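Structure at a glance
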Amino acid sequence: MKGRFGEFGGQYLPETLMPAVAELEAAYVEARADPSFERELGGLLRDWVGRPTPLTDASRLAAAVGLRRVLLKREDLAHTGAHKINSAVGQALLAKRMGKHRVVAETGAGQHGVASAAACALLGLECIVYMGTEDMRRQEPNVFRMKLLGAEVRGVESGTKTLKDAVNEAIRDWVTNVRSTYYLLGSAIGPHPYPTMVRDFQSVIGREARGQSLSLLGKLPDMVVACVGGGSNAIGIFAVFIPDSATTRLRGVEAGGKGIATGEHAASIVGGSVGVLHGTRTMILQTDDGQIRGTHSISAGLDYPGVGPEHAQLAQSGRAEYVARTDAEALEGFTLLSRTEGIIPALEPAHAIADLTHIREAYGAELDVLVCLSGRGDKDLETVMGALA
Ligand SMILES: *Cc1c(COP(=O)(O)O)cnc(C)c1O
């Protein structure tokens, strides 16, 4: 079946949406085969996003966690402060090529909404962002940013008034206005072709980091580590290393929240089971009768009850391993990186930083580890201030 990663992935959709994903898949395949699309995207990534992002040799952090070397892939230095812009600008360019003048997106914490609004402003597209009213209240500065960038933010009052309700509304809009409208998805999740397409757009992270690691180390890193929410920054840095199974381990770090045993977490692989969510078969957090469970994480970007289907397959095959780090550990990672390297990370990649001491305990000190630093911490200062008080 199309868009499968082993038993995962696929297109679990109502019939009304099948023509929309078929049109999208055809347009994507055609765009990827067209050198002028690659050229235009490459130009925007370089001149507007600020790529390539640097690779930082974090020697004080490495000493603090007891590893030989830690290399940080600096997605925090990409425009708008995180990796999400790589996929947003790629998809917005595709939308324009498809002749869609209207883009809908959904957002939880607002990071994907901001990236989408910025990409749409750049390319002259109308942008409508669905957001739960509870999230709008918690993320006021991002709501204002999206409006400044010319987007319309539509509050969603249904359900828990958070991300999954916003996804439902965005899908409803897409079905209703499919002729004029492109649905810009924020992670490597959802029905085919999104997991493949978002992975491809985010793979620029891994392509750059692989070359930069080879120059710096004279060899490939022994391990690549990334935080996993929906899984787009992780699959983006993992993808080019998947064939290097003889040299390079892959390790994803999920949000352990208050601890897996408490049930209050967002670790879909470590603490979940197989099911269907938002059009794809993957690992999800569900109750015994298949209802989506409430999630918790200190980092809004990891607070999603599912994961991209390719990660579910990488976990099942053993090519990548997945662990979870708690809120408290992420806070330690947050302060550790700030104090050792002068870099304030987002709370999401702080989970990956917090995992480094566990990597040393499991595999020893003689390791060169590449970490995807997916975003910067400015957005999280209020949360961290509250948590440390
Ligand atoms: C949104 C976000 C994530 C989580 O999303 P993925 O799709 O799992 O990458 C991670 N880091 C940052 C900084 C984010 O904004």
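Residues numbered from 1 in each chain as written. Predicted model: local features only at pLDDT ≥ 70, side-chain atom pairs only at ≥ 80, totals over all residues. Heavy atoms only, no water.

**Remarks on the domain arrangement of the protein chain**
If you check the domain split of the protein chain, you get domain 1 (4-46 + 84-198) and domain 2 (50-81 + 203-388). The gap between the C-alpha centroids of domain 1 and domain 2 is 23 Å. Taken together, the 30 residues of domain 1 in the interface contact 30 residues of domain 2. Summed over both partners, the interface of domain 1 with domain 2 comes to about 2500 Å²; 62% of that surface belongs to carbon and sulfur atoms. The interface formed by domain 1 and domain 2 contains one salt bridge. The salt bridge partner of glutamate 7 is arginine 281, with a shortest N-O separation of 3.0 Å. Secondary-structure elements contributing two or more residues to the side of domain 1 that touches domain 2 are β1 (4-5), β2 (8-9), α2 (35-49), α4 (84-97), α5 (111-123), α8 (163-176) and α9 (194-217). If one sorts the elements of the side of domain 1 that touches domain 2 by residue count, α8 sits on top with four residues. For the side of domain 1 that touches domain 2, the per-class residue count stands at 16 nonpolar, 10 polar and four charged. (Domains from an automatic or database assignment. Contact = heavy atoms within 4.5 Å. Buried area = accessible area lost by both parts, 1.4 Å probe. Salt bridge = Lys/Arg side-chain N within 4 Å of Asp/Glu carboxyl O. Helix = DSSP H or I, 4+ residues; strand = E, 2+ residues; numbered from the N terminus. Nonpolar A, V, L, I, M, F, W, Y, C, P; charged D, E, K, R; others polar.)

**What to know about the sheet that holds strand β5 (residues 102-107)**
Pairing between sheet strands relies on hydrogen bonds along the backbone, with the strands arranged either parallel or antiparallel. The strand order across the open sheet formed by four strands is β7-β6-β5-β8, and the pairing between neighbours is parallel. The sheet is open, and its two edges are formed by β7 (152-156) and β8 (181-183), each paired on a single side. Direction aside, the axes of adjacent strands within the sheet are offset by 25° on average. Sheet analysis places strand β6 (residues 126-132) next to β7, joined by five bridges and oriented parallel. For methionine 131, the partnering residue across the bridge sits in β7 and is glycine 155. Its contacts with the sheet put α5 on β5 and β6, and the angle it makes with β5 is roughly 160°. (Pairing = 2+ DSSP bridges. Axes fitted to C-alpha atoms, helices over the stretch in contact; angles between N-to-C directions.)

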